[in-house]
Amino acid sequence: MPKQLFLFLTITTIILLSGCSSKSDGTDEKAVPAANRTSLHESHLLGEVKSVTDTKYMVLPFPDGHDSLVFFSTKYDTYNPNGWLSGTVLTNAEGDTLYVMKATFDAKGHITLNEFFDSEGNRREYTEYQYDNKGYRIKERRYLNDSLAHEHICTNDPYGNPERIT
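The notes below deal with the structure included here. Worth saying up front: this structure is predicted, and the values here are computed from it rather than measured. (Residues numbered from 1 in each chain as written. Predicted model: local features only at pLDDT ≥ 70, side-chain atom pairs only at ≥ 80, totals over all residues. Heavy atoms only, no water.)

**Concerning the side chain of Ser 73**
Link 1 in the chain: Looking at the secondary structure, you find Ser 73 in strand β2 (residues 67-79).
Link 2 in the chain: With relative accessibility at 7%, the residue Ser 73 sits in the buried group.
Link 3 in the chain: Apart from residues lying up to four places away in sequence, Ser 73 is in contact with Asp 54, Thr 55, Lys 56, Leu 90 and Thr 91. (Helix = DSSP H or I, 4+ residues; strand = E, 2+ residues; numbered from the N terminus. Buried < 20%, exposed > 50% of the residue type's maximum accessible area, 1.4 Å probe, protein only. Contact = heavy atoms within 4.5 Å.)

In structure tokens:
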């Protein structure tokens, strides 16, 4: 009798384990090296995402000890066909635009210009990026109201990692 019970438990276990095997629905994500990740990978978004809406709320304490959930802002991110964040619009609770961000990329996918506009559409801040012939960032200039605020000059190792930023 113990042999039959052992055989029965073994067969039942095999059947149960074979029924629990993982099934692929075609949405498995391949591992992407950090150097090749897009902003969509960094945000853990999969598929062909064209836009993402993110609404933020704040919890404010009242004097009576209760908390109140208050609408704070909504951010609308748009992505280019390569999966890079190409624009952001931030609005307040009334739907008024607080700022707009626009990013421009070169043919190799390097960001070349990152611009911030105020609610009236005036460019208030922008950053320009320069790369060497290997595609490594060598210079970054940030402007506030068209005046140079700071400049970074990068020295890279043979793998493109910044060794020194001045």
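**Observations regarding the pairing of strand β9 (residues 162-165)**
Link 1 in the chain: Where strand β8 (residues 147-156) meets β9, three bridges bridge the pair, whose relative direction is antiparallel. Each bridged residue has a counterpart across the sheet, and for Cys 154 the counterpart in β9 is Ile 165.
Link 2 in the chain: The turn linking β8 back onto β9 is made up of five residues, and Gly 160 within it adopts a positive phi angle of 90°. (Pairing = 2+ DSSP bridges.)

**Considering unusual backbone geometry**
Link 1 in the chain: In this structure, Asn 145 is a non-glycine residue whose phi angle is positive, near 50°.
Link 2 in the chain: Within the secondary structure, Asn 145 sits in the loop between β7 (137-144) and β8.
Link 3 in the chain: Note on Asn 145: relative accessible area 49%, which makes it partly exposed.
Link 4 in the chain: The backbone of Asp 146 sits at a positive phi, close to 65°, despite the residue not being glycine.
Link 5 in the chain: Here Asp 146 falls in the exposed class, since its relative accessible area comes to 52%.

**Notes on the environment of Glu 128**
Link 1 in the chain: Counting through the fold element by element, Glu 128 comes out in strand β6 (residues 123-131).
Link 2 in the chain: Linking Glu 128 and Thr 104, residues 24 residues apart in sequence, is a C-alpha distance of 9.7 Å.
Link 3 in the chain: Those residues within four positions of Glu 128 in sequence are excluded, and the remaining contacts are Thr 112, Leu 113, Lys 139, Glu 140, Arg 141 and Tyr 143.

**Quick look at the packing of aromatic side chains**
Link 1 in the chain: Throughout the structure, instances matching the rule amount to three aromatic pairs.
Link 2 in the chain: A centroid spacing of 6.1 Å and a plane angle of 40° characterise the contact between Trp 84 and Phe 105, whose relative ring orientation is tilted. Residue Trp 84 is located in the loop between β2 and β3 (85-91), and its partner Phe 105 is located in strand β4 (residues 97-105); the two are separated by 21 residues in the primary sequence.
Link 3 in the chain: Given the relative accessible area of 22%, Phe 105 is considered partly exposed.
Link 4 in the chain: With a centroid separation of 5.8 Å and 55° between ring planes, the pair formed by Tyr 99 and Phe 116 is classed as tilted. Highlighted residues: Tyr 99 in strand β4 and Phe 116 in strand β5 (residues 111-117), separated in sequence by 17 residues.
Link 5 in the chain: Seen from the ring of Tyr 126, Arg 123 lies directly overhead, with NZ or CZ sitting 3.7 Å from the centre. (Phe/Tyr/Trp six-rings, centres within 6.5 Å; stacked < 30°, edge-to-face > 60°. Lys NZ or Arg CZ within 6 Å of the ring centre and 35° of its normal.)

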